[in-house]
Amino acid sequence: MQPTFSSSRILQPVRPWFILFSLLVALVLNFLPTSAWPWMPDWVALIIVFWSIREPRHVGMGSGFILGLAMDVADASLMGQHALAYVLASYIASSLSRRILWFPLGQQAVHTLPLLLMVQLVQLGVRAMPGFVFPGLSYFIGPFIGALLWVPLTFVLLLPQFQPVDRDANRPI
Amino acid sequence: MDHQPPPFFKRGPAPLARLSFYATLSLALLFFDSRFQTLELLRQGVSLFTHPVQQVAHAPVDFFQNAGNYFSSISRFQDENARLKRAQLDGADALLRTRQLEAENDRLRKLLDLKGRQKANGRVTQVLYAARDPFSRRVIVDKGQQDQIVAGQPVVDDAGVVGQVTRVFPFVSEITLITDKDQAVPVQIVRNGLRSVVFGLGDGQLELRFMPANADVQNGDLLVTSGLDGIFLAGLPVAKVVHIERDTSYSFARIYCVPVAGVENFGEVLVLDPRETTPLPAQLTNEAAAASAKASAKLGAKKKLPKRE
């Protein structure tokens, strides 16, 4: 697979352990005590959206659900709140992945913005059921920062796949 | 015998099927968690996985904080030490007098055949972090089931009530602060002994609800726990009234308070031991038993009726 459609570079296949590693790093980033900064992007949502777009056959709703449960427990929120949001985001991302990958990176970032906003909106909707508390507009800044991070994130996460294939002297091509 | 072609591009169930499965599962979890609170075991199981990851995440933060403390100047510590000594001396006369009064109170209570007051004992815990959930006000402390913490224990700091333990995990537990939305604490006004319940508003303030518009409440009134709930010990400071709106078109006054304790400052808190349960008077328990016996007899009679027919 190529970074974008216009690129002529062909990437190596992704390594499953790297996906796992990146998801774990996102979880650690989310567990950092950053409750004082509500504008921090939801790293797990960002990484799940990224891999659902790049590798819909490796990362999908199952991983979204499991990571969502982990976030629910760690955040002391309602069970299933993050899980539902991540599952929905992963579904939409994977079904749009063929389309989104045709765009250059900047426009891919614009495509991810509504997905990340939806993650926050779903959680707001879930929490509005028992009693509405508006967490403030800064709650919606995170998705914008997440979309801005899309371009650097793509480079960092695709870095292992940019490595050249081992040279083989006997190969014709 | 013809062979099926091998599944070249096996992709499992259709995405929409998977979506509906996971979405239904999450909605069911949401429903059961918010209505029945029956998922504590699942929560504890998942926390066994998330707890180590959280510790990994907190390690660098702790390290930098400790490093900052290490390099902070010695004069600051000297200042702090002097201030603490002065505070201890300031409080010494009150403390000595309190001890004497407590002994006297015990003696008098014995003379009057009253039940002795329960002493406030507890264990000091360190607040680890505030939950990242922007919808609720909760903190996580570093003691859990291993230290015999149980859900419902009151939590105080040096100035007053901070909150209540709501969930207990193997190594940590979760404290819901009194400023959390709709967290209730039964209170009493010190000045005139008026009893009420104070609710969290979710924005750092508290509200005294269901007080009539002409209730005797004034700005600056101190609210302490009334102890009627059987959870909080009586007399712990909770909040101070800061703003009262008396609008005659509503039957209740709107009374806003701020917590006395440093509810949102995270440091060390004291988890008080659970309060001893006071048994109901014998007459009340007898009445309750009789009522329930009557009800069950009625139920039995109703059940038997169709059989006879």
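Residues numbered from 1 in each chain as written. Chains lettered and ligands numbered in written order. Predicted model: local features only at pLDDT ≥ 70, side-chain atom pairs only at ≥ 80, totals over all residues.

Q: What is the right way to read the overall build of chain A from this model?
A: Looking only at helices and strands, one finds 7 helices and 0 strands in chain A. Counted from the first residue to the last, chain A has its helices and strands arranged as α-α-α-α-α-α-α. Counting over 173 residues, chain A shows a buried share of 39%. The long-range share in chain A, meaning contacts at least 24 apart out of those at least 6 apart in sequence, stands at 69%. (Helix = DSSP H or I, 4+ residues; strand = E, 2+ residues; numbered from the N terminus. Buried ≥ 20, exposed ≤ 12 C-beta atoms within 10 Å, placed from the backbone. Contact = placed C-beta atoms within 7 Å.)

Q: I keep staring at unusual backbone geometry and nothing clicks. Help me out?
A: Residues apart from glycine generally show negative phi values, whereas peptide bonds are mostly found in trans. All names here are of chain B. For Gln 148, which is not glycine, the phi dihedral falls at a positive 60 degrees. Relative to the helices and strands, Gln 148 is located in the loop between strand S2 (138-141) and strand S3 (154-156). A tally of 12 C-beta atoms within 10 Å means that Gln 148 is categorised as exposed. In this structure, Asp 182 takes a positive phi of about 65 degrees despite not being glycine. Mapping Asp 182 onto the fold places it in the loop between strand S5 (173-177) and strand S6 (184-189). Residue Asp 182 is classed as partly exposed on the basis of its C-beta count, with 13 C-beta atoms lying within 10 Å.

Q: Got a minute to help me understand the sheet that holds strand S10 (residues 237-245) of chain B in this structure?
A: Sheet strands line up and pair through hydrogen bonds in the backbone, either parallel or antiparallel. All names here are of chain B. In space, the 6 strands of this closed barrel follow the order S6-S7-S8-S11-S10-S9, with antiparallel pairing throughout. Looking at each pair of strands side by side, their axes are set apart by 40 degrees on average, direction ignored. Of the strand pairs in this sheet, S6 and strand S9 (residues 222-225) are connected by 3 bridges, and their pairing is antiparallel. For Gln 188, the partnering residue across the bridge sits in S9 and is Val 224. (Pairing = 2+ DSSP bridges. Axes fitted to C-alpha atoms, helices over the stretch in contact; angles between N-to-C directions.)

Q: Would you mind showing me how to read the confidence of the model for chain A here?
A: The predicted coordinates of low-pLDDT regions are not to be read in fine detail. When the pLDDT values of chain A are averaged, the result is 85; 87% of them are 70 or greater. Across chain A, the secondary-structure element scoring lowest on mean pLDDT is helix H7 (residues 150-162) of chain A, at 85, and the one scoring highest is helix H2 (residues 43-54) of chain A, at 94. (pLDDT = per-residue confidence, 0-100.)

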